[in-house]
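Examination of the molecular architecture
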Amino acid sequence: MKAYKWFKNKIIFCIVAIGMLVLMFIADPAAAQLKNDYPIQPVAFTQVHVTDNFWAPKIKVNADVTIPYTLQQCKKTGRIDNFFRAAGTLKDDKNTTYTFDESDVYKVIEGASYSLQAKPDAGLEKYLDTLISYIAAAQEKDGYLYTFRTMHNSKPHEWMGAKRWEKEEDLSHELYDVGHLYEAAVAHYRATGKKNLLNIAIKNADLLVKTFGWGKEEKFPGHQIIETGLGKLYRVTGKKEYLELAKFFLDLRGTPGHLNQEYSQSHIKVIEQHTAVGHAVRATYMYTGMADIAALTGDKEYLAAIDDIWHDVVDKKIYITGGIGATNNGEAFGDAYDLPNMSAYAETCAAIANVYWNSRMFLLHGDAKYIDVMERTLYNGLLSGVSLSGDHFFYPNPLASMGQHQRSAWHDCACCISNMTRFLPSMPGYIYAQDKNDLYVNLFVGSTSTIKIPAAKITIIQNTNYPWQGKNEITIQPDKSALFTVRIRIPGWAVNQPSPGNLYSDIDQSAAVATILLNGKPIKYEMEKGYAVIKRSWNKGDKIMLDLPMDVKKVIANSNVKSDKDRFALQMGPIVYCLESPDNKDSAVMNIVVDKNAAVQTEYKSGMLNGIAVLKMQGLSAKRQLNTDALIQSAQEVTAIPYYAWANRGPSEMEVWIPYDASAARPKPAATIASKSKVSASINNPRMFRSLNDQYEPADSKDASASFLHWWPKKNTTEWVQYDFDSTYTVSESKVYWFDDSPWGGCRIPASWKLYYKKDGEWVPVKNTSSYTVTKDNYDTVHFEPVTTTALKLEVQLPVDNATGIHEWIVQ
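Residues numbered from 1 in each chain as written. Predicted model: local features only at pLDDT ≥ 70, side-chain atom pairs only at ≥ 80, totals over all residues. Heavy atoms only, no water.

Regarding unusual backbone geometry
What is expected of a backbone is that most residues other than glycine have negative phi and most peptide bonds are trans. Under the convention used in this document: Secondary structure is summarised from DSSP: a helix means a run of H or I of at least four residues, a strand means a run of E of at least two, and numbering begins at the N terminus for each.
For the bond from Trp712 to Pro713, the omega torsion is 10°, close enough to zero to count as cis. Relative to the assigned elements, Pro713 resides in the loop between β26 (709-710) and β27 (718-739). Notably, Ala647 is not glycine yet its phi reads approximately 65°, a positive angle. Structurally, Ala647 can be placed in the loop between β22 (628-642) and β23 (653-655).

Structure follows, in structure tokens:
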């Protein structure tokens with residue numbers, strides 16, 4: 001009897017225990033165990049505390065300035081009001097500009113959630129809960145969430161279509177928006193443990209599972225991101241339907257009967273794609289999603305495709321800064337080796353997506369070359385996207401400028417701003433990774449992290465002044481003596497390989513080598529896939545001293561990159577440098593030539609641009625003179641600063657690729673009547689004014705590398721530009737070079753134009769002695785009877801169906 005009672009009690013105990021485990025699983029979806037995933041797993045940002053003098057201050061600025069600022073802008077610009085409109089609590093029959101505007105709110109919530117881990121803030125957490133309640137109120141009963149449709153405006157946005165998902169393959173962005181919702185929901189759940197946003201995401205995802213699939217609603221997203229969002233939801237819930245839906249969205253692309261186009265990487269099936277084409281952000285989000293699905297399903301065809309695409313990008317289509325997407329025509333990848341500098345698009349969102357993609361490629365393959373690309377992008381083409389103050393932002397990130405490029409306080413299309421806001425606080429999650437008893441040290445960042453591997457619980461501490469110095473003390477603190485492997489990345493730039501492949505190479509192939517000491521003594525190690533592999537029994541307090549060579553490198557591009565012919569770029573460690581006019585003679589840099597063999601000195605300046613290492617060398621500069629082809633040449637000291645820090649001191653010239661041959665430089669032009677004039681125009685955008693008289697000669701009317709003034713999106717209107725001279729002049733000739741980006745852009749040569757001069761305070765037409773011609777790809781010149789005046793005005797009649805632009809306006 002006693003045995004029976006004992007057995008009965010044991011059964012009851014087991015049933016209760018199993019029930020508790022079931023309840024725990026339901027209460028904590030993150031407990032879901034997945035059969036397949038990346039063989040290497042990142043160490044989550046929640047486990048890494050950054051303490052260095054480079055990234056920690058930037059993450060702090062993001063928390064203290066950028067997140068509050070972007071939240072404020074989301075409110076100020078009506079993005080939050082969109083949720084009130086959808087909930088029916090605000091009935092003003094308005095909306096914001098773009099159907100993807102609500103995604104900015106989700107991205108800022110994601111960034112704020114990451115930030116709460118590093119810096120708890122009860123006020124911020126409460127505000128996020130308030131925002132989430134607004135989102136919940138805007139969600140329809142069946143889970144549908146898309147404010148532009150639910151608000152039922154009298155004039156619906158033209159992108160959204162008459163019914164749900166009708167224009168999803170084009171521009172409605174319904175699935176794009178909720179893709180960012182899913183990513184925000186998972187981040188918020190993991191950071192706070194709360195499910196209020198996660199439940200909204202799950203409700204929406206369940207609706208999509210019911211709606212989409214083979215034989216049901218067959219539409220793919222016009223802008224990818226939901227694939228990675230669904231993958232994250234799958235990881236925290238274990239619901240396989242989410243994974244299957246992500247794969248469906250990918251596999252549907254390129255099938256007949258759909259909006260198949262290179263722009264959205266739907267021109268052919270994804271497994272048949274082997275080169276990077278189309279919109280660069282859409283593309284890299286898709287490649288990231290394909291990597292996730294390949295890891296979670298074991299799909300080798302996905303893996304083969306993204307392997308080929310990765311090689312296409314790093315061999316032919318990536319900037320030295322890690323930026324991708326060469327052309328503003330579709331914000332897209334250009335042709336192989338087409339990497340213009342001044343017109344480089346290199347969108348900030350694309351740089352962030354490039355980090356996501358390369359981090360996934362590393363998790364799949366365990367090769368340091370992917371981290372090399374990721375690091376290059378992080379320190380250069382991504383970080384340049386935000387000002388040092390944290391409240392001004394680049395959308396494109398050019399590699400040369402005549403001063404026309406400046407960060408903006410806000411963009412109506414704010415995707416890059418909200419993306420930067422969410423990315424920076426997640427940066428600690430890219431430092432370490434693990435694979436069973438292998439611990440990867442991928443990035444060199446002063447930090448402390450506690451990591452559990454099968455062999456032991458390890459605290460790892462990095463103490464370094466990277467990226468300005470190459471020394472890094474790495475302390476290993478296992479909770480017990482244990483056998484495991486530490487894999488330390490030896491960057492490609494440290495072994496004369498600035499980038500995987502042959503797109504970029506060092507001029508000087510001789511260099512110091514990285515050294516590694518263990519507890520003060522040399523140690524033998526093997527090199528595997530770019531990692532120094534140290535397998536041993538580790539004890540508490542073991543110290544690895546890594547010393548990376550920080551020689552300044554002069555990097556040249558593949559000869560197929562015509563834009564970089566006879567030029568080199570400077571790089572020290574992971575940092576790419578540029579010349580900027582505030583640091584150089586005559587506030588000019590495009591007239592500078594530096595010999596390939598010139599010695600370069602390094603000097604750290606703590607009080608400059610929040611602390612940077614500057615590079616100094618000797619070079620030559622050239623100036624033009626009026627009425628002669630003879631140049632004035634002079635020797636000068638040339639100063640370079642980190643690329644990420646440029647454009648923080650007002651409008652300026654900038655150049656990454658420095659001429660080493662005089663033929664590649666642009667001598668500083670001689671002053672002219674036009675260049676000394678004050679510019680005004682019928683468009684309120686002073687940044688474009690300098691384009692008229694910067695004396696930059698365009699290659700043709702569509703030359704996007706030259707700066708230009710334009711009136712887009714105006715059509716069929718009369719516009720004007722004006723020169724107010726610095727003195728009184730007698731003039732009799734004027735030339736104008738029109739901007740025309742046909743057939744794809746919105747600007748064409750004008751219908752007509754006319755000149756006026758100022759006389760006694762009134763505008764009087766000049767008496768032209770030649771006709772007003774209107775042509776492309778050259779100057780239109782008009783001669784007129786001499787007038788003595790202090791100002792000229794050029795009146796432009798725009799075409800009926802297009803705008804017009806001007807490259808250059810000359811007065812003689």
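A word on the side chain of Asn584
We apply this condition: We call two N or O atoms a polar contact when they sit within 3.5 Å, provided that within protein one can donate a hydrogen and the other can accept it, with sequence-adjacent residues counted only if both atoms are side-chain atoms. Should any heavy atoms of two residues lie within 4.5 Å, those residues are counted as being in contact.
By the secondary structure assignment, Asn584 is in the loop between β18 (575-580) and β19 (592-593). A polar contact is formed between the side chain of Asn584 and the backbone oxygen of Glu580, at a distance of 3.0 Å. For Asn584, the contacting residues outside a window of four places in its chain are Leu579, Val589, Ile592, Gln636, Glu637, Val638 and Thr639.

Brief notes about the packing of helix α4 (residues 101-118) against helix α7 (residues 174-192)
For the record, the criterion: All axes are obtained by fitting lines to C-alpha atoms, using only the stretch in contact for helices, and the reported angles, taken between N-to-C directions, cover 0 to 180 degrees. Roughly parallel refers to an angle under 35 degrees, roughly antiparallel to one over 145, roughly perpendicular to one between 65 and 115, and oblique to any angle outside these ranges. In this scheme the handedness of a crossing depends on how the near helix is turned from the far one: anticlockwise by less than a right angle means left-handed, clockwise means right-handed. Think of it as three bins: nonpolar holds Ala, Val, Leu, Ile, Met, Phe, Trp, Tyr, Cys and Pro, charged holds Asp, Glu, Lys and Arg, and polar takes everything else, Gly as well.
Viewed as axis vectors pointing N to C, α4 and α7 meet at an angle of 15°, and their least axial separation amounts to 8 Å. Accordingly, the angle class assigned to the pair α4 and α7 is roughly parallel. Seen along the crossing, α4 lies across α7 with a hand that is left-handed. For the pair formed by α4 and α7, the contact residues are Glu102, Ser103, Tyr106, Lys107, Glu110, Ser113, Tyr114, Leu116 and Gln117 on the first element and Tyr176, Asp177, His180, Leu181, Glu183, Ala184, Ala187, His188, Arg190, Ala191 and Thr192 on the second. By residue class, the composition of the contact of α4 with α7 is eight nonpolar, six polar and six charged.

What to know about the pairing of β18
Under the convention used in this document: Each residue is placed in one exposure class: buried if its accessible area under a 1.4 Å probe, protein chains only, is under 20% of its type's maximum, exposed if it is over 50%, and partly exposed if it falls in between. When DSSP finds two or more bridges between a pair of strands, those strands are recorded as paired.
Burial analysis of β18 places six of its six residues in the buried class, the great majority of the element. Of the two faces of β18, the one lined by Ile575, Tyr577 and Leu579 and the one lined by Val576, Cys578 and Glu580 are each fully buried. What sits between strand β17 (residues 567-572) and β18 in their antiparallel hairpin is a turn of two residues, with Gly573 showing a positive phi close to 60°. One ladder, built from three bridges, connects β18 with β22; its direction is antiparallel. From the neighbouring strand, Tyr577 faces β22, where its bridge partner is Pro642. As paired elements, β18 and β23 share two bridges and run antiparallel to each other.

Observations regarding helix α2 (residues 55-76)
Stated formally: Here a helix's expected span is defined as the number of its residues, less one, multiplied by 1.5 Å. To get the bend at any residue, fit one axis to the seven residues that end at it and another to the seven that begin at it, then take the angle between the two axes.
End to end, α2 covers 29 Å across 22 residues, agreeing with the expected 32 Å (1.5 Å per residue, within 8%). At Asn62, α2 shows its maximal bend, which comes to roughly 40°. When α2 is considered as a whole, its buried residues turn out to be Trp55, Lys58, Ile59, Asn62, Ala63, Thr66, Ile67, Tyr69, Thr70, Leu71, Gln73 and Cys74. Where α2 is buried, its residues contact β2 (48-50), α3 (79-87), α4, α5 (122-138), α14 (368-382) and α15 (415-423).

Here we look at the sheet that holds strand β5 (residues 438-441)
Strand order in the open sheet formed by six strands is β1-β4-β5-β9-β14-β13, and the pairing between neighbours is mixed. Strands at the two margins of the open sheet, each flanked by one partner only, are β1 (41-42) and β13 (526-528). Along the sheet, α14 makes contact with β9 (482-489) and β14 (531-538), crossing β9 at roughly 50°.

Overview of the packing of helix α13 (residues 348-365) against α15
Relative orientation of the contacting elements α13 and α15 amounts to 35°, with a least axis distance of 8 Å. With respect to the hand of their crossing, α13 and α15 are arranged in left-handed fashion. Taken together, the residues of α15 that come into contact with α13 (itself represented by Thr348, Cys349, Ile352, Val355 and Tyr356) are Cys415, Cys416, Asn419, Met420, Arg422 and Phe423.

Section: the confidence of the model for the chain
This is how the line gets drawn: Per-residue confidence from the predictor is reported as pLDDT, which spans 0 to 100.
On average, residues of the chain carry a pLDDT of 94, and 96% of them reach 70 or more. Long-range and interchain partners of residues 1-31, a stretch whose pLDDT sits below 50, account for 15 contacts in this model, where long-range means more than four residues apart.

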